[in-house]
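Observations on the model geometry
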Amino acid sequence: MEKGEQMLAQIEQGKKFLQGAMPAVMEKFNDLHDAVFQDGALSTKEKRFIGLGMALALKCDFCIAVHLKALKALGASLEEVLEVCSVAMMMHGGPGMAYSTLVVKLWDEI
């Protein structure tokens, strides 16, 4: 199994555990997640691009994988994703570049 698939499986497994351990908290978290990523003044795709940029800045491997999966499902191109990476590099310097290499690796694995 590729790293991207492993990361996605690991986060899903963890979410299932948390759902069982603290269902009220996870229900509210999932409701917030669903509300945030609905189309509004910004489209779901635009919000996912923002999420990817935030994940790059926060250096969250799992978040990067989750947002990439969602963006691919929404029809995002690698070119669009790399533009998000360029903003992360400009705003976050070396770490933005380093985590952008993870994006490139995961793009084909997810």
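Preceding this section is the structure that the text describes.
Described below are features of the structure shown in this document. (Residues numbered from 1 in each chain as written. Predicted model: local features only at pLDDT ≥ 70, side-chain atom pairs only at ≥ 80, totals over all residues. Heavy atoms only, no water.)

1. Remarks on the packing of aromatic side chains
As enumerated under the stated definition, the model contains zero aromatic pairs in all. Positioned above the aromatic ring of F37 is the side chain of R48, whose terminal nitrogen or guanidinium carbon lies 4.0 Å from the ring centre. Directly above the ring of W107 sits K72, whose terminal nitrogen or CZ lies 4.6 Å from the centroid. (Phe/Tyr/Trp six-rings, centres within 6.5 Å; stacked < 30°, edge-to-face > 60°. Lys NZ or Arg CZ within 6 Å of the ring centre and 35° of its normal.)

2. Some remarks on a nonpolar patch on the surface
The grouping of F17, L18, M22 and V25 at the surface amounts to a nonpolar patch, some 370 Å² of accessible area in total. Relative to the helices and strands, F17 is located in helix α1 (residues 3-21). (Patch = residues over 30% accessible without salt bridge, like charges linked within 9 Å, V, L, I, M, F, W, Y side chains within 5 Å. Areas by Shrake-Rupley, 256 points an atom, 1.4 Å probe, with all protein chains shown as cover. Salt bridge = Lys/Arg side-chain N within 4 Å of Asp/Glu carboxyl O. Helix = DSSP H or I, 4+ residues; strand = E, 2+ residues; numbered from the N terminus.)

3. Some thoughts on the packing of helix α3 (residues 44-58) against helix α4 (residues 61-73)
The interhelical angle for the contact between α3 and α4, taken along N-to-C directions, is 160°, at an axis separation of 9 Å. Our classification of the angle between α3 and α4 gives roughly antiparallel. Seen from above, α3 lies across α4 with left-handed handedness. In this structure, α3 uses K45, R48, F49, G51, L52, A55 and L56 to contact α4, whose residues at the interface are C63, I64, V66, H67, L68, A70 and L71. Grouping the amino acids of the contact of α3 with α4 by side-chain chemistry returns ten nonpolar, two polar and two charged. (Axes fitted to C-alpha atoms, helices over the stretch in contact; angles between N-to-C directions. Parallel < 35°, antiparallel > 145°, perpendicular 65-115°, else oblique. Left-handed = near helix turned anticlockwise from the far one by under 90°. Contact = heavy atoms within 4.5 Å. Nonpolar A, V, L, I, M, F, W, Y, C, P; charged D, E, K, R; others polar.)

4. Regarding the state of the cysteines
Summed over the entire model, instances satisfying the criterion amount to one disulfide. Free cysteine: C85, not disulfide-bonded; nearest cysteine sulfur from C63 at 15 Å. Residue classification places C85 among the buried residues on the basis of a relative accessible area of 0%. (Disulfide = S-S within 2.5 Å. Buried < 20%, exposed > 50% of the residue type's maximum accessible area, 1.4 Å probe, protein only.)

5. A few points about α4
Taking 1.5 Å of rise per residue, 13 residues should cover 18 Å, and α4 covers 19 Å from first to last C-alpha, within 8% of that figure. On its buried face, α4 sits against α1, α3 and α5 (78-107). Just downstream of α4 lies G75, where phi reads positive at about 85°. (Expected span 1.5 Å × (residues − 1).)

6. Here we look at the packing of α1 against α4
At a minimum axis distance of 9 Å, the contact between α1 and α4 shows a crossing angle of 100°. When the interaxial angle is binned, α1 and α4 end up roughly perpendicular. Listed contacts from α4 to K3, M7, L8, Q10 and I11 of α1 are D61, F62, A65, V66 and K69.

7. Structural notes on the nonpolar core
One finds L52, L56, I64, L68, V81, V103 and L106 to be the most contacted residues of the largest nonpolar core, which totals 19 residues. Those elements that provide at least two residues to this core are α1, α3, α4 and α5. By residue number, the principal contributor to this core is α5, which donates eight residues. Contacts of V103, omitting those with residues within four sequence positions, involve L52, L56, I64, L68, V81 and C85. (Core = buried A, V, L, I, M, F, W, Y, C linked by side-chain atoms within 4.5 Å.)

8. Some words on the pattern of salt bridges
One pass over the structure, following the stated rule, counts three salt bridges. Among the salt bridges present, the one from K45 reaches E80, with a minimum N-O distance of 3.3 Å. Of this pair, K45 sits in helix α3 while E80 sits in helix α5, placing them 35 residues apart in sequence. Given the relative accessible area of 23%, K45 is considered partly exposed.

Coordinates in, geometry out; function isn't part of it.
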